[in-house]
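Coordinates in review
For reference, the chains in residue letters:
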Amino acid sequence: MSKLKIPVHTVYSGILQENAVMLGDRLIKKLKIPAHGPILLAFGTFRQEVTVIPVPRSDNLRVSEGLARKTGIKARNVLNASYSSGSRTLRLGPLIGVLVSREHPERLDRLFGPITLFCRELTNACHAQGAFVYFFTPEALESTGSSITGWVYDEGWKRSKLPIADVINNRLTTRKAENKPSVQHFLSEVKSRYGTHFFNEKFLDKSEVFEALRRDPSLQRYLPESHLLGGFAILKKMCGHYPVVFLKPVRGSLGKGILRISREEGGGYRLQATTPLGTRKHSYPTLTKLYQAVAPKMKTTRFQIQQGLPLMEIGRRPVDFRALVQKNGTGKWNVTSIVARTAGNNHFVSNLARGGSLSTVREAIGKSSIPPGAKESANLQLPRAALAIAKGVEANIPAHFGELGIDLGMDQSGRIWLLEVNSKPSKNDNTPLNDTKIRPSVKQMIQYCRYLAGL
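Here is what the cut-offs are and how they apply
- Residues numbered from 1 in each chain as written.
- Predicted model: local features only at pLDDT ≥ 70, side-chain atom pairs only at ≥ 80, totals over all residues.
- Heavy atoms only, no water.
- Salt bridge = Lys/Arg side-chain N within 4 Å of Asp/Glu carboxyl O.
- Helix = DSSP H or I, 4+ residues; strand = E, 2+ residues; numbered from the N terminus.
- Buried < 20%, exposed > 50% of the residue type's maximum accessible area, 1.4 Å probe, protein only.
- Core = buried A, V, L, I, M, F, W, Y, C linked by side-chain atoms within 4.5 Å.
- Domains from an automatic or database assignment.
- Contact = heavy atoms within 4.5 Å.
- Axes fitted to C-alpha atoms, helices over the stretch in contact; angles between N-to-C directions.
- Parallel < 35°, antiparallel > 145°, perpendicular 65-115°, else oblique.
- Left-handed = near helix turned anticlockwise from the far one by under 90°.
- Nonpolar A, V, L, I, M, F, W, Y, C, P; charged D, E, K, R; others polar.

**Observations regarding the pattern of salt bridges**
- Per the counting criterion, the structure on display carries 20 salt bridges.
- With a shortest N-O distance of 3.7 Å, D205 and R302 are connected by a salt bridge. In this pair, D205 is assigned in the loop between β13 (197-199) and α6 (206-213) and R302 in the loop between α8 (287-298) and β19 (303-307), connecting sequence segments 97 residues apart.
- Among the residues examined, R302 registers a relative accessible area of 44% and is labelled partly exposed.
- Its salt-bridge partner being E264, residue R270 comes within 3.3 Å of it at the nearest N-O pair.
- Among the residues examined, R270 registers a relative accessible area of 31% and is labelled partly exposed.
- Take E264: its relative accessible area is 24%, and that puts it in the partly exposed class.
- Each member of the salt-bridge network shares a partner with another, and the members are D320, R322, R341 and D407.

See below:
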């Protein structure tokens, strides 16, 4: 199979019929397209038989306006192209779809809310890599055939009808949206009917992750003791074993709803809860009284009870690490970045949504009081742990993931622990968009899409 990156131009339908394309003769030779007979043009799920008209001294592919409308290709896209002689198919793309939670057509400057700048950045990166991306919401799935209505950026956001993509990235931010019958039906249909690749296809919950990873002996050293909170007995047992335990909502995110339980010096127990304004504290004379206060929350929220860890600190504020682990252009897991997160004042979680701050791993480790030997090995051990955990998730949880946010802790002796795995790493607009700079994480995502699509 021969591959190239070629500019695609549109011409007036009066000049060129929809069942023909014009292609530079040098490109025809490089792609090894036969001189006679029709071929199949493919873009996502779009297929049409076309005749190739050779054009001397041209380095582009020209299609009619009518054909461009059918495919959604714009006037001057540069796309990867491959020709398969076996199926006589000229494929363009990859065509990438991103399933997002909501759209705000009345505010095109913030069309997708806090991920709008990420969507622009992804569009710019696709242009650079010869891919084509569009964005769509669950509402677009209420009635779909082999095409879908989505948004493309072409000197402004424009709604367009497009083929179903070669690869779809699930960026839905709520389980409610993800579990809609229309979304689940679409997911099943495009995979079975068109062979579409759909990655990050589901949310993970904490109990599922820890139960799955516990089956892998090589990951045991990273796992704090963790159980589904089923009643008072397991709370009593865990509080008997550890001076601090955490109750974490099984389906929580951004540090919301986390409870910290610790023994007080004079007897009794302290309960700390995260709130947007800081930490709320209550003291109880007995564990039974504390459980009675927590029990009503358990009627609506399932909690994971987890061993408290003496995390490394900077200025008495706990520090943890967020690793972004992504599949690369050969389909292998790769650590794209790791940052240190220091908890804000009056908070015991490090999430940015709770006042946490970011720094480099080297800077955070340097300011901490962990042993010198652990400081020296941290830059090697943290990515090694993140990579092992990503592989463990893939091996033990039956779903397709292309990127994972893995939260790691390092205790004061330098030992690394898994805190959480997130299948929807944040893409919120917390940094200004620089039109000339595309983050490695965005480039990596497109390279993985190209790998999946064979382009």
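Picking up where we left off.
**Digging into the nonpolar core**
- One finds L23, I33, F136 and F186 to be the most contacted residues of the largest nonpolar core, which totals 44 residues.
- Per-element accounting of this core gives the leading share, 4 residues, to helix α5 (residues 181-194).
- Looking at which domains feed residues into this core, each of domain 1 (5-93) and domain 2 (95-199) supplies at least three.
- Dropping the residues within four chain positions of it, F136 is found in contact with G97, V98, L99, V100, L141, I148, T149, G150, I168 and F186.
- Among the nonpolar cores identified, the runner-up in size contains 39 residues, and V209, V325, V361 and A378 belong to it.

**A look at the domain arrangement of the protein chain**
- Domain annotation of the protein chain identifies domain 1 (5-93), domain 2 (95-199), domain 3 (216-220 + 311-423) and domain 4 (225-307).
- The C-alpha-based centres of domain 2 and domain 3 are spaced at 30 Å.

**Details of the packing of helix α3 (residues 116-129) against helix α11 (residues 440-453)**
- Where α3 contacts α11, the two axes come as close as 9 Å, and the packing angle between them is 55 degrees. With respect to α11, the element α3 is oriented oblique. For the element pair α3 and α11, the recorded crossing hand is right-handed. Contacts from F118, E121, L122, A125, C126 and Q129 in α3 reach V442, K443, M445, I446, Q447 and R450 in α11.
- Residues that form the contact of α3 with α11 fall into these classes: 7 nonpolar, 2 polar and 3 charged.

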